[in-house]
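As a plain string of letters, each chain reads:
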Amino acid sequence: MGPNHYVQMVNLVFQIFNKSGTSLLGPSNSNVLWAGFGGDCQTQNSGDPIVQYDQFADRWLISQFAINGNSYRECVAISQTPDPTGAWHRYAFAYNELPDYPKFGVWPDGYYVTYNMFQLISPPNNYNFTGAKVCALDRSAMLAGGAATQQCFDRAQEWALLPSDADGTTPPPAGSPNYVLAEHWSDQTKLTMYKFAVDWATPANSALIGPTQINVNAFVWACLNTGFAPCVPQSSTGQKLDSLGNHLMYRLAYRNFGDHESLVANHSVNITNTQTGIGWYEIRSPGATNPVVHQQGTTADPNGTTYRWMGSLAQDKLGNMALGYSTSSSTTFPGIRYVGRLSGDPLNTMPQAESTVIDGTGAQTGTAGRWGDYSAMHTDPIDNCTFWYTNEYLAATGPTPWRTRLANFKYPNCTGSATTPGAPSVTAAPSDQKVDVSFTNAPNGDMPVVSYTVTATPGGATCTTRVGVTPNPLACKLQRVDQRAAVLVQRRREERARRWDRGRGERDA
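Rules used in this analysis
Residues numbered from 1 in each chain as written. Predicted model: local features only at pLDDT ≥ 70, side-chain atom pairs only at ≥ 80, totals over all residues. Heavy atoms only, no water. Pairing = 2+ DSSP bridges. Helix = DSSP H or I, 4+ residues; strand = E, 2+ residues; numbered from the N terminus. Axes fitted to C-alpha atoms, helices over the stretch in contact; angles between N-to-C directions. Phe/Tyr/Trp six-rings, centres within 6.5 Å; stacked < 30°, edge-to-face > 60°. Buried < 20%, exposed > 50% of the residue type's maximum accessible area, 1.4 Å probe, protein only. Lys NZ or Arg CZ within 6 Å of the ring centre and 35° of its normal. Disulfide = S-S within 2.5 Å. Salt bridge = Lys/Arg side-chain N within 4 Å of Asp/Glu carboxyl O. Polar contact = N/O pair within 3.5 Å; in protein donor to acceptor, adjacent residues only side chain to side chain. Contact = heavy atoms within 4.5 Å. Core = buried A, V, L, I, M, F, W, Y, C linked by side-chain atoms within 4.5 Å.

Colleague: Any details on the sheet that holds strand S24 (residues 332-341)? Residues and values, ideally.
Modeller: As summarised here, the arrangement of the 4 strands in space is S22-S23-S24-S25, forming an open sheet in which the pairing is antiparallel. Each end of this open sheet is capped by a strand with a single partner; those strands are strand S22 (307-315) and strand S25 (352-358). For this sheet, the mean angle separating the axes of adjacent strands, direction not counted, is 25°. The pairing of S22 with strand S23 (residues 321-329) spans 7 bridges and is classified as antiparallel. Each residue of the ladder has a partner; that of tyrosine 307, found in S23, is serine 328.

Colleague: Help me get a handle on the packing of aromatic side chains, residues and values and all.
Modeller: Inspection of the entire model under this criterion finds 20 aromatic pairs. Measuring from ring centre to ring centre gives 6.0 Å for tryptophan 221 and phenylalanine 228, while their planes differ by 55°; the resulting arrangement is tilted. With a relative accessible area of 28%, phenylalanine 228 lands in the partly exposed category. On the basis of an interplanar angle of 80° and a centroid distance of 6.0 Å, the ring pair of phenylalanine 387 and tyrosine 411 is categorised as edge-to-face. With phenylalanine 387 in strand S27 (residues 387-394) and tyrosine 411 in the loop between strand S28 (402-409) and strand S29 (425-428), this pair connects stretches of sequence that are 24 residues apart. Through a chain of ring-to-ring contacts, three or more aromatic side chains come together here, namely Tyr338, Phe387, Phe409 and Tyr411. In this structure, lysine 103 packs its charged tip against the face of tyrosine 101, placed 3.3 Å from the ring centre.

Colleague: Give me the lowdown on the pairing of strand S13 (residues 178-183), citing residues and values where you can.
Modeller: Extensive coverage of S13 is indicated by the burial of 6 of its 6 residues. The pairing of strand S12 (residues 162-167) with S13 spans 2 bridges and is classified as antiparallel. Each bridged residue has a counterpart across the sheet, and for leucine 162 the counterpart in S13 is leucine 181. Pairing of S13 with strand S14 (residues 190-197) involves 6 bridges; the strand directions are antiparallel. Within S14, the residue paired with alanine 182 across the bridge is threonine 192. Where S13 folds back onto S14 in an antiparallel hairpin, the turn is made up of 6 residues.

Colleague: Lay out the state of the cysteines with the relevant residues and their values.
Modeller: The tally for this structure, following the rule as stated, stands at 4 disulfides. The side chain of cysteine 135 participates in a disulfide bridge whose partner is cysteine 152; the two sulfur atoms lie 2.1 Å from each other. Note on the cysteine 135 and cysteine 152 pair: the S-S dihedral is about 110°, so by sign convention the disulfide is right-handed. Of the two residues, cysteine 135 is situated in strand S10 (residues 126-137) and cysteine 152 in strand S11 (residues 150-155); the sequence distance between them amounts to 17 residues.

Colleague: A description of the pattern of salt bridges should follow, citing residues and the corresponding values.
Modeller: The tally for this structure, following the rule as stated, stands at 10 salt bridges. Salt-bridge contacts for aspartate 167 lead to arginine 251; the nearest nitrogen and oxygen are separated by 3.0 Å. Note that aspartate 167 is positioned in strand S12 and arginine 251 in strand S18 (residues 248-256), a separation of 84 residues in sequence. Of the residues examined, aspartate 167 reaches a relative accessible area of 8% and is grouped as buried. For arginine 251, a relative accessible area of 0% puts it in the buried group.

Colleague: Now, about the side chain of serine 268: what can you tell me, with residues and values included?
Modeller: Along the chain, serine 268 falls in strand S19 (residues 261-272). Residue serine 268 is classed as buried on the basis of its relative accessible area, which comes to 0%. At a separation of 3.4 Å, a polar atom in the side chain of serine 268 contacts the main-chain amide nitrogen of methionine 310. Once you skip the residues sitting within four places of it in the chain, serine 268 turns out to touch Trp221, Ala222, Ser243, Gly245, Gly277, Ile278, Trp309 and Met310.

Colleague: Account for the side chain of serine 326, with residues named and values stated.
Modeller: Here serine 326 lies in strand S23. A distance of 3.0 Å separates a polar atom in the side chain of serine 326 from a polar atom in the side chain of tryptophan 371. Apart from residues lying up to four places away in sequence, serine 326 is in contact with Tyr307, Arg308, Trp309, Met310, Gly335, Trp371, Asn391 and Glu392.

Colleague: Give a detailed account of the nonpolar core, specifying residues and quantitative values.
Modeller: Nonpolar side chains tend to gather and get buried jointly when the protein is soluble and globular. Judged by nonpolar contacts, the single largest core of 35 residues is most densely connected at Val76, Phe93, Phe104, Tyr111, Leu137, Met142 and Trp309. Those elements that place two or more of their residues in this core are strand S6 (71-79), strand S7 (88-95), strand S8 (98-107), strand S9 (110-122), S10, S18 and S22. Those residues in contact with tyrosine 111 that sit more than four places away from it in its chain are Asp54, Leu61, Ile78, Gly105, Val106, Cys135, Ala136, Leu137, Arg139, Met142 and Leu143. By size, the runner-up hydrophobic cluster in this structure holds 30 residues, among which are Tyr112, Leu208, Leu248 and Val269.

Colleague: Tell me about the environment of tryptophan 60, and name the residues and values.
Modeller: On the secondary structure map, tryptophan 60 appears in strand S5 (residues 59-68). Separated by 3.2 Å, the side chain of tryptophan 60 and the backbone oxygen of proline 82 make a polar contact.

Colleague: Any chance you could break down unusual backbone geometry for me, citing the residues and the numbers?
Modeller: Comment: phi is negative for the bulk of residues other than glycine, and the bulk of peptide bonds are trans. The omega torsion across glycine 26 and proline 27 is 10°, close enough to zero to call that bond cis. Tracing the sequence through the fold places proline 27 in strand S3 (residues 23-29). Geometrically, the link from glycine 210 to proline 211 is a cis peptide bond, its omega value of 10° lying close to zero. Tracing the backbone shows proline 211 in strand S15 (residues 207-215). In the Ramachandran plot, aspartate 48 falls in the positive-phi region, its phi being about 55° despite a non-glycine side chain. Classification of aspartate 48 as buried rests on a relative accessible area of 9%. In this structure, methionine 310 takes a positive phi of about 60° despite not being glycine. Relative to the helices and strands, methionine 310 resides in strand S22.

Take a look at the structure:
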């Protein structure tokens, strides 16, 4: 989700829309992005895709892996402009083993990616799991189209790590490591966190710090009672669906609110042996020695009949949360819904009423029971209020007749208004062609102010100061100012909610 586009990928296919739902490009095979690049990224179309919008650079990231025998590549493309229908910088990062289940996070000092690694024992599909890998890709070089390197660490006893992915207009504090989170591999009362500190100038100084164990309420992985075999029922068939119950689900969404940093995460858990729900967490002070579980909870059907799984969780700029997921039961077909909480709601609860994106009208009868492997909740970078969610559902019964739906919505309290900052104080020395402007932060309306731009009139010189980074009173130094300065609060435009349907694509069985 970017300012003007929505890019969606499913296994092997991608399509680009404007935000009114009009298709601008595709659907096309994903490897066409690497046409003319050469090698496996051009010739193979192996899937497991990720799309990310880099709001700090106004660029797009698209990735999928390329498998050719025992040759493995993660194919990554970075848009050369804000327009994803245009040209791309293309990269291929090589690995000695299958880099399965890649998940990306945007961070100021790198693009971070995690994998589950598998070693080929005998062709074509006999693999052994060897552990998790987390890598940092050289974001600065990739944005410029230059040669790019990666720095990686391996953890043999970890599974399904997630890198933090920064939302909002305020970046993490300067020098902040990327936060990497997973379920503890054996203790279902803990989450495991690492801090990835990368040093591009001196790679030997890079470090994956941890693990730090974060105590949480005890949970049971969804479908654990069936040995992680598909356990989610559907109407009109005995075939059940996979819950991916032993995965922390995409994304690990990070947001810097100025006065605190916050990570939100979720996974599918057993409520009973006949129902699954979503366990969710908000972790604050992730950079501290002991990160704080600010709140946590489990959301499930109060009637005890509908399964919830395949979740994705994000926060808007007020700290309101939206949690999207799949639903199904023995009397209903797989569909898409969401719940949420306002920032002022009681902690540890998701009390905002469940809403339906779409009810499915068919069952998946394929014997593998494959579902997902993940869904995606993002916030719109234009207003940082509107949530955009995508997941799959079924419009008809068959082996794999799935479709995807894109939906957007926002909470009424997130409107983007702000109060006026304190009157500016302007000081200048004779003949030095600059002025110092200081003022106090505006009291928050319903939108926390994260930055101010000071503009000189006439002359047009500007400088920007960020709340929580610059001490209060905030100060700007304007160079070559002719007369006076005015303090302006940047405002973001809003867009009305829209929904549209995404057509059928392909994916791995």
